[in-house]
Amino acid sequence: MNLVLLLLAFVPSPDQPVPFLFGKPPAAGAHSTFDLRHSTLLADSSHTYDVRFYRLDLDLPMYVAGYNGRELVCIQSEVPSLDTFSLDFDAMVCDSVKRSGVKQTFTTPSGLLTIDLATPLPQGESADLDIFFRRESTAQQIGYFYARPPTIPFAHGMTVGCPRDNHYWFPCYDLPSDKAERGIMMNLTVPDTFQTSSNGLLDSVTPNPRSKTQNPKSFGTRTYWWRHPYPICTYLMTFSASRFSTWRDTVVGQTGDTVPIIHYLWPRDSAASRVGFQNLPDMLEYFADTLRFGPYPFERFGFIPGYYGFPWGGMEHQTTVMLHASYIGGGSDATQAHELSHMWWGDMVTHVGYADVWLNEGFGTYAECLYMGHQQGRAYFNTYLRGKVSSYISRDRSFRMPLYNPPWSQIYDYGHIYCKGAVVEHMLRFVLGDTAWEQPGLYYQALRAYRDSFPYGTVSTEDYQRINEQVSGMDLDWFFDEWIYQAGYPKYSLTWLREPAGDSFRIITTLTQQNGAQAPPVFHMPLPVRVNCTGDDTMLTIRPNASPEIDTFVVASYPQNVVVDPDNWVLDSCYLTGMAEELSNPPNMVFKTRKVFARNVFVSHGSIGPTSQLLVKRRLHK
Ligand SMILES: [Zn+2]
């Protein structure tokens, strides 16, 4: 999902607390003891059943918001004798449940559909349940949104259930930890003046003939048969019904594989979208490069318009991404890249629970930075990434939390989960030594190992750390502990002085950290420092183990000034202070140390020589 700053009143600013836009926090019911950390324990085999497959047959009249549905859910028992089980289920009515044509008893306690199996299901065996249900037109618009937007002359109905509002439009296990391994089928019946879109590919469209034995209302309707045979969790499922124009493109990958791109858009946007989506093939080729993310993981990619009032930039439904309607005509390459990257990071490899949501959105936001840098150049990349840093630091001033296990109301906090998450990816890349511009190295190798270790599965932060350690051979406990499990960022003060050392010069640096509450007292992140000299400039790396950290370096020629983190690898802020005063010219120099405070100057990218009369407050990455 991507939050954007649009010039629309209903859109929250990334720098403001983000309201919970997709419904209520978990209510009493299936997961009333919801603890985000515990969701990592809810992998397929750790609840009493495993969802294998969903088939939904929905009858959408399109002149009212309600619809009738029939669901086939295939579950496999994970306990010795499964005699009852629950699906998440809210704001709908269940009329009956059958197993092999035999009615089963059921109840609908708050937030649940609890089904009693007449014959218990042995461990490891599967059963198909037929659930007949309906969503009334009076139901609150959560999960399913139906409107006659003033901007188009026909109705539009669609689902957006992220993060766990899908049980407001169909009965399901509404956590990402249990993917339906065999995929989904979505059979959508609409009046023949409408079209539909859903995950995967459209298999066929069949008209429904006039029949006295069938529902007379079915005459003049068509059924769209959608099929997506890939593992999928509920928050990535969607359907959409309206009047669509369709256009397609094909991208051929490096290995000769082809990826169909098929969009379902309102007719008014079709021509504009050809301009607005013109860079999409380039994005796909960039990410699918065998040295970056590797081949595209699904059978199709395409965009659909967001529902009227959709407050986000995009939503990464598997293979069929929803894009804000105002973004279709152009100017949304960053959002498109963000959502496209989710097909690898979020959809194919999915966070096992919302404690790990930074994995999804940090990747998505970093991928957005990477593609924009690829398109616009390194200077643009640095500026773009600094924007993410600035959004995070601004947010951190009013609210501080670790990336891991955010409060439920903050799982999509833009400053932390998206922006800090992206910069943490960038720093991990630096720590792994993958620093050459546009030349993918070890960081990308680890990404591909992560993909290959958990293809179409679910992952935790621990999994991601372990894969990076396996690929790099490094112990990354310190990195994950300081940047992900603890809050905040380093607030450095760096002072330095110089003195002759034979034919060379000695530089003595003192780096202190005052990182504030909830943050580690010392971030051990290596800090690059460039010393601008009369001869060749010299790059130093300070490796803090304490605060203050005092280090001595030797450089070959006369050091004039220093620049902290000149290539913007570290999320920090830094006061850079000149400390020494030069009393005579080289080579007969004598130094004495004098600390001079004149006034504070706020600069974005300062460097300062030791004889400066100023204490420069330097905010890196502003
Ligand atoms: Zn996202």
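For the structure itself, consult the block above.
How each quantity is defined
- Residues numbered from 1 in each chain as written.
- Predicted model: local features only at pLDDT ≥ 70, side-chain atom pairs only at ≥ 80, totals over all residues.
- Heavy atoms only, no water.
- Helix = DSSP H or I, 4+ residues; strand = E, 2+ residues; numbered from the N terminus.
- Buried < 20%, exposed > 50% of the residue type's maximum accessible area, 1.4 Å probe, protein only.
- Contact = heavy atoms within 4.5 Å.
- Areas by Shrake-Rupley, 256 points an atom, 1.4 Å probe, with all protein chains shown as cover.
- Axes fitted to C-alpha atoms, helices over the stretch in contact; angles between N-to-C directions.
- Parallel < 35°, antiparallel > 145°, perpendicular 65-115°, else oblique.
- Left-handed = near helix turned anticlockwise from the far one by under 90°.
- Nonpolar A, V, L, I, M, F, W, Y, C, P; charged D, E, K, R; others polar.
- Core = buried A, V, L, I, M, F, W, Y, C linked by side-chain atoms within 4.5 Å.
- Pairing = 2+ DSSP bridges.
- Polar contact = N/O pair within 3.5 Å; in protein donor to acceptor, adjacent residues only side chain to side chain.
- Salt bridge = Lys/Arg side-chain N within 4 Å of Asp/Glu carboxyl O.
- Phe/Tyr/Trp six-rings, centres within 6.5 Å; stacked < 30°, edge-to-face > 60°.

Student: Kindly report on the overall build of the chain, identifying the contributing residues and their values.
Tutor: Across its full length, the chain holds nine helices and 32 strands. Buried positions account for 58% of the 622 residues belonging to the chain. Partitioning the contacts of the chain with sequence separation of at least 6, the portion at a separation of at least 24 is 71%. About 23200 Å² of surface is accessible on the chain, with carbon and sulfur atoms providing 51% of the total.

Student: Pulling in residues and values, what's your account of the packing of helix H5 (residues 378–398) against helix H6 (residues 414–431)?
Tutor: Two measures define how a pair of helices packs: the angle their axes make with one another and the distance between the axes. One can describe the packing of H5 onto H6 by two numbers: an axis separation of 8 Å at closest approach and a directional angle of 135°. In this view, H5 runs oblique relative to H6, as classed from their interaxial angle. The two elements H5 and H6 meet at a crossing, and its hand is left-handed. Here Phe381, Leu385, Lys388, Val389, Ser391, Tyr392, Arg395 and Asp396 of H5 come into contact with H6, specifically with Tyr414, Gly415, His416, Cys419, Lys420, Val423 and His426. Its residues assigned to classes, the contact of H5 with H6 shows seven nonpolar, four polar and four charged.

Student: Please provide a residue-by-residue account of the nonpolar core, values included.
Tutor: Judged by nonpolar contacts, the single largest core of 170 residues is most densely connected at Tyr54, Leu60, Leu340, Trp344, Tyr450, Tyr464 and Trp483. Counting residues per element, this core draws most heavily on H6, at eleven residues.

Student: Before we move on, could you go through the sheet that holds strand S4 (residues 93–99) and cite the residues and values that matter?
Tutor: Taken in spatial order, the ten strands line up as S3-S6-S5-S4-S7-S2-S1-S10-S13-S12 in an open sheet, and their pairing is mixed. Lying at the two open borders of the sheet, with one neighbouring strand each, are strand S3 (81–88) and strand S12 (201–207). Recorded for the sheet is a direction-independent mean angle of 25° between the axes of neighbouring strands. Where S4 meets strand S7 (residues 126–135), five bridges bridge the pair, whose relative direction is antiparallel. Bridged to Lys98 within S7 is Asp130.

Student: An account of helix H3 (residues 333–342) is needed here, citing residue identities and associated values.
Tutor: Counting buried residues in H3 gives ten out of ten residues, a clear majority hidden from the surface. Those residues of H3 that fall on the buried side of the exposure criterion are Asp333, Ala334, Thr335, Gln336, Ala337, His338, Glu339, Leu340, Ser341 and His342.

Student: Explain the sheet that holds strand S18 (residues 314–315) to me, using residue names and the numbers behind them.
Tutor: Each strand in a sheet pairs with its neighbour through backbone hydrogen bonds, running either in the same direction (parallel) or in the opposite one (antiparallel). Strand order across the open sheet formed by three strands is S17-S19-S18, with mixed pairing between neighbours. The open sheet terminates on both sides in strands that have one partner only, identified here as strand S17 (302–305) and S18. Of the strand pairs in this sheet, S17 and strand S19 (residues 320–323) are connected by four bridges, and their pairing is parallel. Bridge assignment links Gly302 to a residue of S19, and that residue is Thr320.

Student: Describe the environment of Thr223, naming the residues involved and giving the relevant values.
Tutor: Position of Thr223 among the secondary structure elements: in strand S13 (residues 221–228). Residue classification places Thr223 among the buried positions, given a relative accessible area of 6%. The spacing of Thr223 and Asp192 is 31 residues in sequence and 8.7 Å in space, taken between C-alpha atoms. If near-sequence neighbours (up to four positions away) are discounted, Thr223 is found in contact with Asn187, Leu188, Thr189, Ser204, Val205, Thr206 and Asn208. A polar contact of 3.2 Å, which involves the side chain of Thr223, links it to the side chain of Asn208.

Student: Quick rundown of the pairing of strand S1 (residues 49–59)? Include the residues and the values.
Tutor: Pairing between S1 and strand S2 (residues 67–77): ten bridges, direction antiparallel. Within the sheet, the bridge partner assigned to Leu56 lies in S2 and is Glu71. Both S1 and strand S10 (residues 184–191) contribute to a ladder of six bridges, which runs parallel. Across the sheet, the residue bridging to Asp57 is Asn187, located in S10.

Student: Provide a residue-level description of the packing of helix H8 (residues 461–472) against helix H9 (residues 477–485), including the pertinent values.
Tutor: Direction vectors running N to C along H8 and H9 enclose 145°, while the axes themselves pass 11 Å from each other. For H8 against H9, the interelement crossing comes out right-handed. Side by side, H8 and H9 meet where Thr461, Glu462, Tyr464, Gln465 and Glu469 of the first sit next to Asp477, Phe480, Ile484 and Tyr485 of the second. The residue makeup of the contact of H8 with H9, split by class, is four nonpolar, two polar and three charged.

Student: Summarise the side chain of Asp88; cite the residues concerned and give the values.
Tutor: Tracing the backbone through its elements, the reader meets Asp88 in strand S3. For Asp88, the side chain forms a polar contact with the main-chain nitrogen of Asp174, separated by 2.8 Å.

Student: Pulling in residues and values, what's your account of the pattern of salt bridges?
Tutor: The tally for this structure, following the rule as stated, stands at 15 salt bridges. Between Arg55 and Asp57 there is a salt bridge, with its nearest N and O atoms 2.8 Å apart. Relative accessible area serves as the criterion here: at 27%, Arg55 is assigned to the partly exposed category. Residue class for Asp57 comes out partly exposed when judged on its relative accessible area of 22%. Salt-bridge contacts for Glu438 lead to Arg292; the nearest nitrogen and oxygen are separated by 3.4 Å. Within this pair, whereas Glu438 is found in the loop between H6 and helix H7 (442–453), its partner Arg292 is found in the loop between helix H2 (280–288) and S17, the two being separated by 146 residues in sequence. Salt bridges sharing common partners tie together Asp95, Arg134 and Glu136.

Student: Outline the side chain of Asp413, listing residues and values.
Tutor: Structurally, the position occupied by Asp413 is in the loop between H5 and H6. At 2.9 Å, the side chain of Asp413 and the backbone nitrogen of His416 are in polar contact.

Student: Run through the packing of aromatic side chains, naming residues and quoting values.
Tutor: As enumerated under the stated definition, the model contains 51 aromatic pairs in all. Aromatic side chains Phe293 and Trp344 sit 5.5 Å apart centroid to centroid with 65° between the ring planes, which places their arrangement in the edge-to-face category. Of this pair, Phe293 sits in the loop between H2 and S17 while Trp344 sits in the loop between H3 and strand S20 (350–351), and the two are 51 residues apart along the sequence. Of the residues examined, Trp344 reaches a relative accessible area of 0% and is grouped as buried.

Student: Describe the pairing of strand S15 (residues 245–252), and please don't skip the residues or the numbers.
Tutor: The side chains of a regular strand alternate, first on one face of the sheet and then on the other. Inspection of the sheet shows S15 paired to strand S16 (residues 258–265) by eight bridges, in the antiparallel sense. Bridged to Val251 within S16 is Val259. A loop of five residues connects S15 with S16, the two strands running antiparallel in sequence, and Gly256 in this loop sits at a positive phi of about 90°.

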